[in-house]
Amino acid sequence: MKCHILTLFPDMVLEGLRTSILGRAEEKGVLSLHGVNIRDFAENKHNRVDDAPYGGGAGLVMQPGPVYGAWKSVAAGLEKQPRVVYLTPQGRVFNQKIAEEFAKEEELIFLCGHYEGIDERVLELIVTDYLSIGDYVLTGGELAAMVVIDSIARLIPGVLHNDASAEIETFSDNLLEYPQYTRPEEFMGQKVPEVLLSGHHGNVDKWRRKQSILRTARSRPDLLAKATLSEEEKELLKTLDFQGEI
Ligand code: ADE
C-alpha cells in the first residue's frame, strides 16, 4: 500500500511512522509512505499558507490553493484516484472495522489540517472521507493521521511477522484481548496462571476466551453486547457480579 500524507509537518509524520514496525515494512516493500509538504505549494513569496477567517473569529484558516496544489501533485500522476481522507473531529469516528475497510485500498491520500482548519471549498473538491480519532480536539491532523495509518498498515499482509496476530486479538470479535505473560514464572511474588504452564492447548484456549469475556464485561460492556457468545458463555456472564469492581 502507498500512503501519501499532505501536511505542513511531513517530518513529524514520517519520523513517527518509520520508527519500528512500519519502517521495516517500508524496507520490505509492503508499505510506502510519501510526505508532501503543503507549504511547498504556497502562492506567495513569504510561503504563507494560512489567513484570517472571512466573517471574523479567532485563529487562522489554511488557504485552499496550497492544499489543492499538494493534492494535485499526487493525483495528477495517477490513473485511479485514491480516496482522500481528511482528519477532523467532525468526521466519522475511526474504529477497527473502518481500518479493515481502508486496508483493502492500494493507495490512500491523507490530508492534515492545522490552525482552525482548512477552507471548505477545497475540502468539497478533493476529500472523499472525513475521519475523527475520537471526541477530543488535537492541534492538528498529523497525530490523527499517524494513528489511522498505523492501524491500517498493520493489517496489510507482510507488515506484522505473524499475520494471525492481527486477527486473534482485541476487537476481532468485539472482545478485548486476554492477559499475556512471559518469563519469569514469578515476578514480585505473583505467579503466572498455572493453566498457561500446563502445555494443554485446549485448556489454554478456554482460559483465554473466558478472560477476554470477563475483561470485556468489566471495562467495555458496550462491546460485549455486540460479541457472539455461546449459551454456556452467556450463563457464565449471568453469574458474575461486578458491583464494587467497576
Ligand atoms: N484534528 C484535530 N482533532 C482531531 C481528531 N480528534 N480526530 C481527527 N483529526 C483531528
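Fair warning: this is a prediction, and the values are worked out from it, not measured in the lab. (Residues numbered from 1 in each chain as written. Predicted model: local features only at pLDDT ≥ 70, side-chain atom pairs only at ≥ 80, totals over all residues. Heavy atoms only, no water.)

Draft legend 1. Molecular detail of the environment of H46. In this structure, H46 sits in the loop between β2 (32–37) and β3 (50–51). Judged by relative accessible area, which is 62%, H46 ranks as exposed. For H46 and A145, which are 99 residues apart along the polypeptide, the C-alpha to C-alpha distance reads 27 Å. (Helix = DSSP H or I, 4+ residues; strand = E, 2+ residues; numbered from the N terminus. Buried < 20%, exposed > 50% of the residue type's maximum accessible area, 1.4 Å probe, protein only.)

Draft legend 2. The arrangement of the sheet that holds strand β1 (residues 2–7) in detail. Strand order in the open sheet formed by five strands is β2-β1-β6-β5-β7, and the pairing between neighbours is parallel. The open sheet has two edge strands, β2 and β7 (129–132), and neither has a second partner. Averaged over all neighbouring strand pairs, the angle between strand axes comes to 30°, with direction disregarded. In the sheet, strand β5 (residues 83–93) pairs with strand β6 (residues 107–112) via five bridges, with the strands oriented parallel. If you follow R83 over to β6, its bridge partner there is L108. (Pairing = 2+ DSSP bridges. Axes fitted to C-alpha atoms, helices over the stretch in contact; angles between N-to-C directions.)

Draft legend 3. Geometry of the pattern of salt bridges. Tallying each qualifying case throughout the model produces 13 salt bridges. The salt bridge partner of E26 is R18, with a shortest N-O separation of 2.6 Å. Residue class for R18 comes out partly exposed when judged on its relative accessible area of 36%. Residues D119 and R121 are paired through a salt bridge, measuring 2.7 Å at the closest nitrogen-oxygen approach. Exposure remark for D119: the relative accessible area of 16% places this residue in the buried category. On the basis of relative accessible area, R121 is assigned to the exposed category, the value being 53%. Overlapping salt bridges, with partners in common, bring together R83, R92, E101, E105 and D129 in one network. (Salt bridge = Lys/Arg side-chain N within 4 Å of Asp/Glu carboxyl O.)

Draft legend 4. Broad picture of helix α8 (residues 201–219). Between its first and last C-alpha atoms α8 spans 27 Å; for 19 residues at 1.5 Å apiece the expected length is 27 Å, and the two agree. Taken residue by residue, α8 has V204, W207, Q211, S212, I213, L214, T216 and A217 as its buried positions. (Expected span 1.5 Å × (residues − 1).)

Draft legend 5. Structural context of the site of the ligand. Every residue near the ligand is listed here: L87, T88, P89, L131, S132, I133, G134, Y136, V137, L138, G140 and A144. Here T88 contributes a backbone N or O atom positioned 3.1 Å from a nitrogen atom of the ligand. In this structure, a nitrogen atom belonging to the ligand sits 3.0 Å away from a main-chain N or O atom of I133. For the ligand, whose accessible area on its own is 260 Å², the fraction buried by protein is 96%. Mapped by element, the contributors of at least two residues to the shell around the ligand are β5 and β7. Examining the composition of the shell around the ligand, we find that three residues originate from one element, β5, more than from any other. (Near = heavy atom within 4 Å. Polar contact = N/O pair within 3.5 Å; in protein donor to acceptor, adjacent residues only side chain to side chain. Areas by Shrake-Rupley, 256 points an atom, 1.4 Å probe, with all protein chains shown as cover.)

Draft legend 6. Broad picture of the packing of aromatic side chains. In this structure the tally under the stated criterion is two aromatic pairs. Here the aromatic rings of Y68 and W71 are separated by 5.4 Å at their centres, their planes lie at 50°, and the arrangement is tilted. In this pair, Y68 and W71 are both assigned in helix α3 (residues 64–75), three residues apart and thus about one turn of the helix distant. Residue W71 is classed as buried on the basis of its relative accessible area of 13%. Their ring planes at 80° and their centres at 6.0 Å tell us that Y86 and Y130 sit as a pair that is edge-to-face. (Phe/Tyr/Trp six-rings, centres within 6.5 Å; stacked < 30°, edge-to-face > 60°.)

Draft legend 7. Focus on the side chain of S151. Looking at where S151 falls in the secondary structure, it is placed in helix α6 (residues 142–153). Other than its neighbours up to four places away in sequence, S151 contacts F94 and A99. (Contact = heavy atoms within 4.5 Å.)

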